[in-house]
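Overview (structure and organization)
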Amino acid sequence: MTAKIISGTETAKVIREELKVEVAELTEKTGVVPGLVTILVGEDPASQSYVAAKNKTAHALGIHSEQVTLDAETSEEELLSIVDKYNKDDKIHGILVQLPLPKHIHDNKVLEAIDPNKDVDGFHPINVGRMMLGEKCFLPCTPHGVLELLARSGTETSGAEVVVVGRSNIVGKPVANLMLQKRDGGNATVTLCHTRTKDMDFHTKRADILIVAAGVPNMIKADQVKEGVVVIDVGVNRIGMTESGKAKLAGDVDFASVKEKAAAITPVPGGVGPMTITMLMKNTLQAARQYAGVA
Ligand code: NAP
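The following paragraphs examine the structure supplied in this document.

What counts as what
- Residues numbered from 1 in each chain as written.
- Predicted model: local features only at pLDDT ≥ 70, side-chain atom pairs only at ≥ 80, totals over all residues.
- Heavy atoms only, no water.
- Core = buried A, V, L, I, M, F, W, Y, C linked by side-chain atoms within 4.5 Å.
- Buried < 20%, exposed > 50% of the residue type's maximum accessible area, 1.4 Å probe, protein only.
- Helix = DSSP H or I, 4+ residues; strand = E, 2+ residues; numbered from the N terminus.
- Domains from an automatic or database assignment.
- Contact = heavy atoms within 4.5 Å.
- Pairing = 2+ DSSP bridges.
- Axes fitted to C-alpha atoms, helices over the stretch in contact; angles between N-to-C directions.
- Near = heavy atom within 4 Å.
- Polar contact = N/O pair within 3.5 Å; in protein donor to acceptor, adjacent residues only side chain to side chain.
- Nonpolar A, V, L, I, M, F, W, Y, C, P; charged D, E, K, R; others polar.

**Points about the nonpolar core**
Within the largest apolar cluster, 47 residues are counted, with the highest numbers of intra-cluster contacts made by Val146, Val162, Ile211, Ile232, Val234 and Met281. Taken together, the elements giving at least two residues each to this core come down to α1 (8-30), α6 (141-152), β5 (161-165), α7 (172-180), β7 (209-212), β8 (230-233) and α10 (272-292). A per-element tally of this core places α10 first, with nine residues. Structurally, this core is a two-domain feature, drawing no fewer than three residues from each of domain 1 (31-115) and domain 2 (141-273). Once residues lying within four places of it in the same chain are set aside, the contact partners of Ile211 are Val146, Val162, Val163, Val164, Val165, Val175, Met179, Ile232 and Val234. Membership of the second largest hydrophobic core comes to 18 residues, among which are Val37, Leu79, Ile92 and Leu111.

Pasting the structure below:
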């Protein structure tokens with residue numbers, strides 16, 4: 001079997017077209033132009049390219065976008081006061097502080113300072129709690145992107161054995177939580193693996209849907225999955241440079257071997273990555289709708 005490729009690039013393109021129309025409709029109806037600010041502290045090249053991509057996508061969709069770039073020595077206090085300024089700015093409906101932050105700044109303190117109504121990354125404890133309870137909230141972008149890829153590729157999740165590798169707060173835990181919720185796109189039986197899991201192969205080989213977010217290049221091989229599995233590879237690992245000087249990327253799944261056994265698989269690049277940015281735009285639109293009172 002050679003797998004169907006679940007293209008995040010193509011799926012994201014379709015969703016972005018939908019969003020573009022919805023942004024224009026909101027603006028026409030209410031006069032509200034959705035606004036996003038991205039705040040970057042330091043000069044991490046990966047973070048710089050993520051922020052640039054977010055701003056470019058926002059512009060393309062008609063979303064007003066501002067970028068704040070701060071040097072790595074910026075104090076926590078200064079960053080908190082910038083967040084506070086945007087909390088009060090009526091033109092801005094979504095605030096994204098790019099992680100990771102420099103070591104002297106406490107991520108949680110900054111994330112908790114963002115107005116939950118502008119928390120388009122979905123990392124504020126209020127949104128995390130609402131997500132856990134299945135209430136309306138901003139869903140974290142990468143897990144939301146994974147759900148959209150599964151839904152739009154026609155993958156049935158109800159009753160499926162879903163195995164998630166990785167238990168981070170931004171990917172593994174929320175994606176596991178969303179997959180087990182009692183609603184469309186959920187209703188799965190979920191297993192969450194991590195570095196203390198005793199026999200990982202036992203779990204991965206049972207998976208109908210395998211979601212991998214470990215940050216270890218090509219870690220999942222063909223002999224660790226069953227025939228017909230649907231694989232969502234969240235991993236983005238820089239493994240060198242291409243001849244044209246761009247970062248060479250690999251996922252957490254050994255694509256070449258696993259695609260011969262899977263029913264469907266996401267590539268890296270071009271899989272979950274474009275979906276993450278697109279879900280950020282969707283959340284920004286949702287925030288602007290809430291602000292305009294038409295949510
Ligand atoms: P993270 O915070 O480093 O967490 C990695 C998780 O994987 C941890 O829970 C860790 O277990 C587990 N893990 C690591 N090695 C393992 C192994 N050998 N066996 C089993 N479990 C293992 O990473 P993250 O932020 O979730 O990101 C994961 C990957 O997704 C990275 O490659 C990242 O670049 C990528 N990512 C992509 C997007 C996107 O938009 N495409 C967004 C976010 C992240 P312990 O908890 O036991 O340490």
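**Examining the sheet that holds β8**
With parallel pairing, the six strands of this open sheet are ordered in space as β1-β11-β8-β7-β5-β6. Unpaired on one side and paired on the other, β1 (4-5) and β6 (189-193) mark the two borders of the sheet. With four bridges joining them, β7 and β8 adopt parallel strand pairing. Bridge assignment links Ile209 to a residue of β8, and that residue is Val230. Its contacts with the sheet put α7 on β5, β6 and β7, and the angle it makes with β6 is roughly 170°.

**Considerations on the sheet that holds strand β2 (residues 35-41)**
Overall, parallel pairing links the three strands, which are arranged β3-β2-β4 in an open sheet. Of all strands in the sheet, those with a lone pairing partner are β3 (64-70) and β4 (94-97), marking the two edges. Averaged over neighbouring strand pairs, the angle between their axes works out to 15° when direction is ignored. One ladder, built from four bridges, connects β2 with β4; its direction is parallel. When the sheet's bridge partners are listed, Leu36 is paired in β4 with Gly94. Together, β2, β3 and β4 form the strand contacts of helix α2 (residues 45-60), whose direction differs from that of β2 by roughly 170°.

**Let's talk about the site of the ligand**
With respect to spatial proximity, 22 residues lie near the ligand, and among them Arg167, Ser168, Thr195, Val236 and Thr276 are the closest. Contact distances for the ligand include 3.5 Å between a nitrogen atom and a backbone N or O atom of Val234. Here Thr276 contributes a side-chain N or O atom positioned 2.7 Å from an oxygen atom of the ligand. Among the elements that make up the shell around the ligand, the one with the highest residue count is α10 (three residues). By residue class, the composition of the shell around the ligand is 11 nonpolar, 10 polar and one charged.

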